[in-house]
Amino acid sequence: KSRETADPSADSSPKLAAAEHRDETASKKNLCVKAAKEHNIPEDLNKVLENKVMETVLDLSYVKLSVVEMTCLGDADSEGIVSRSVSSHSDLIPGVYEGGLKIWECTFDLMDYFSEAEIEFTNKTVLDLGCGAGLLGIVALRGEAARVHFQDYNSTVIDEITLPNVVANCTREGRRMGSGEDRKASKPPSKRPRKAEGSSDVLNRCRFFSGEWSQVSQLLLNSNKPCSKYDLILTSETIYNPDYYSALHETLAQLLDSNGRVYLASKVHYFGAGGGISLFEKFIEEKNMFRTSMVKTIDQGLRRCIMEIAFK
């Protein structure tokens, strides 16, 4: 957090100084709230995959992120997050870039859990919250979910990564979900641009949103195409920053169906960022709205957990 320093030339009036401080605080707060918007699916799906190099994992296609970094430095990245992430060697720039250019480890933990626990997606309404590459939502689509919405903080991530990944996995090429054993045998990237071989009705079940969580919630609930609440909300590595817990909790409370479930994958602790599973669990307990249960713990490397969340 930034530290404010008093200005010796400031007006000595306490009331005026307080008013100026409130205005400054409000202005700073507004700068941190990224407005929500919905992203349309282009009619020409080949445009979505143009200049994209694809890799595969778990029989899912995804955009090769290093190529995105090389090609997405102009108008395609109006937010400037690619150049800023590369130049600062940072996977997170709070309030600017929230990690969607990288596929985080816990995403694969959650995908494995879906298979192990035989989570049922058929005819469910699903939100992939903080989606990044969108792999969780794509798994739900392949599981015959009735509707899947994808949300990421950054619009560049939605346009250049999430949407291409969904298009690549929802065309005629490859529909079968692989097993967890396939992960280490990822195929090398294709040397030719990927083409969308015909559209799919699967895409008609998708909507894509960018922006800060509270803003996206309001857009979803109050737009001219309001959505019903979600049966399942899937989210991975979104609790690294305790400053975001209130917004995340409020979003889950507003968007989850009364009988719905949240599946959240996280590291036990995020060194340097301060967040972690125990801290978020305590936050939820204090709010006294949801009940939680740890459904899986992974001890390899940094300890990681999967938490199920539901209304009390």
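Residues numbered from 1 in each chain as written. Predicted model: local features only at pLDDT ≥ 70, side-chain atom pairs only at ≥ 80, totals over all residues. Heavy atoms only, no water.

Considerations on the nonpolar core
Residues Phe114, Phe121, Leu135 and Val166 are the most contacted members of the largest nonpolar core, which totals 56 residues. Residues Leu127, Trp213, Val216 and Ala247 belong to the second largest nonpolar core, which totals 29 residues. (Core = buried A, V, L, I, M, F, W, Y, C linked by side-chain atoms within 4.5 Å. Buried < 20%, exposed > 50% of the residue type's maximum accessible area, 1.4 Å probe, protein only.)

Some remarks on helix H7 (residues 155–170)
Compared with the 22 Å implied by 1.5 Å per residue over 16 residues, the 21 Å span of H7 between its first and last C-alpha is a close match. At threonine 162, H7 shows its maximal kink, close to 30°; a proline, proline 164, follows between one and four residues later. Burial analysis of H7 places 15 of its 16 residues in the buried class, the great majority of the element. (Helix = DSSP H or I, 4+ residues; strand = E, 2+ residues; numbered from the N terminus. Expected span 1.5 Å × (residues − 1). Bend = angle between axes of the 7 residues up to and from the residue.)

Examining the pattern of salt bridges
Across all of its chains, the model carries nine salt bridges by this definition. Across the pair lysine 296 and glutamate 116 runs a salt bridge, and its minimum N-O distance is 2.9 Å. Taken as a pair, lysine 296 in strand S9 (residues 290–298) and glutamate 116 in helix H5 (residues 105–116) lie far apart in primary sequence, 180 residues in all. Between glutamate 308 and arginine 261 there is a salt bridge, with the nearest N and O atoms lying 3.7 Å from each other. Taken together, the residues span a long stretch of sequence, with glutamate 308 in strand S10 (residues 304–311) and arginine 261 in strand S8 (residues 256–267) at a distance of 47 residues. When its relative accessible area of 15% is taken as the criterion, glutamate 308 is described as buried. Under the relative-accessibility criterion, arginine 261 is labelled partly exposed at 26%. The network of salt bridges with common partners includes Glu105, Asp109 and Arg304. (Salt bridge = Lys/Arg side-chain N within 4 Å of Asp/Glu carboxyl O.)

Brief notes about the side chain of arginine 142
The residue arginine 142 is located in helix H6 (residues 135–142) in this model. Buried within the structure, arginine 142 lacks any salt-bridge partner; its nearest side chain of opposite charge belongs to aspartate 59, at an N-O separation of 4.1 Å. At 3.2 Å, the side chain of arginine 142 forms a polar contact with the backbone oxygen of aspartate 59. (Lys, Arg positive; Asp, Glu negative; His and termini not counted. Polar contact = N/O pair within 3.5 Å; in protein donor to acceptor, adjacent residues only side chain to side chain.)

Some remarks on the environment of serine 155
Inspection of the secondary structure puts serine 155 in helix H7. Relative accessible area serves as the criterion here: at 10%, serine 155 is assigned to the buried category. For the pair serine 155 and serine 210, spaced 55 residues apart in sequence, the C-alpha to C-alpha distance is 5.1 Å. Setting aside chain neighbours within four positions, we find serine 155 in contact with Lys37, His39, Glu79 and Ser210. (Contact = heavy atoms within 4.5 Å.)

Here's the deal with the packing of helix H8 (residues 213–222) against helix H9 (residues 245–255)
When two helices pack together, their arrangement is given by the angle between the helix axes and by the axis-to-axis distance. Contact pair H8 / H9: the axes reach a minimum separation of 9 Å and the direction vectors enclose 15°. Between H8 and H9, the angle falls in the class roughly parallel. When the axes of H8 and H9 are compared, the crossing they make is left-handed. Two secondary-structure elements touch here, H8 through Trp213, Ser214, Ser217, Gln218, Leu220 and Leu221 and H9 through Ala247, Leu248, Thr251, Gln254 and Leu255. By residue class, the composition of the contact of H8 with H9 is six nonpolar, five polar and no charged. (Axes fitted to C-alpha atoms, helices over the stretch in contact; angles between N-to-C directions. Parallel < 35°, antiparallel > 145°, perpendicular 65-115°, else oblique. Left-handed = near helix turned anticlockwise from the far one by under 90°. Nonpolar A, V, L, I, M, F, W, Y, C, P; charged D, E, K, R; others polar.)

Here's the deal with the sheet that holds S8
Strand order in the open sheet made by the eight strands is S1-S6-S5-S4-S7-S8-S10-S9, with mixed pairing throughout. Both outer strands of the open sheet, strand S1 (37–39) and S9, are each paired with one neighbouring strand and no more. Strand-to-strand twist of the sheet, defined as the mean angle between neighbouring strand axes without regard to direction, takes the value 20°. As judged from the five bridges shared by strand S5 (residues 147–152) and strand S6 (residues 206–210), these two strands associate in the parallel manner. Looking at the pairing, histidine 149 lines up with arginine 207 of S6. Seen against the sheet, H7 touches S1, S5 and S6 and runs at an angle of roughly 160° to S6. (Pairing = 2+ DSSP bridges.)

With respect to H5
The terminal C-alpha atoms of H5 lie 17 Å apart, and with 12 residues this matches the ideal 16 Å at 1.5 Å per residue to within 8%. Where burial is concerned, most of H5 is hidden: nine out of the 12 residues are buried. Turning to H5, its buried residues number three or more, namely Cys106, Thr107, Phe108, Asp109, Leu110, Met111, Asp112, Tyr113 and Phe114. One or two residues past the end of H5 sits glutamate 118, with phi positive at roughly 55°.

Focus on the packing of aromatic side chains
As enumerated under the stated definition, the model contains 10 aromatic pairs in all. Pairing tyrosine 240 with tyrosine 270 gives two aromatic rings, centres 6.3 Å apart and planes at 70°, and the pair type is edge-to-face. Note that tyrosine 240 is positioned in the loop between strand S7 (230–236) and H9 and tyrosine 270 in the loop between S8 and helix H10 (277–287), a separation of 30 residues in sequence. Residue classification places tyrosine 270 among the buried residues on the basis of a relative accessible area of 9%. (Phe/Tyr/Trp six-rings, centres within 6.5 Å; stacked < 30°, edge-to-face > 60°.)

Overview of the side chain of arginine 207
Residue placement: arginine 207 occurs in strand S6. On the accessibility criterion, arginine 207 (14% relative accessible area) is buried. Here the side chain of arginine 207 touches glutamate 38 through a polar contact of 2.9 Å, side chain to side chain.

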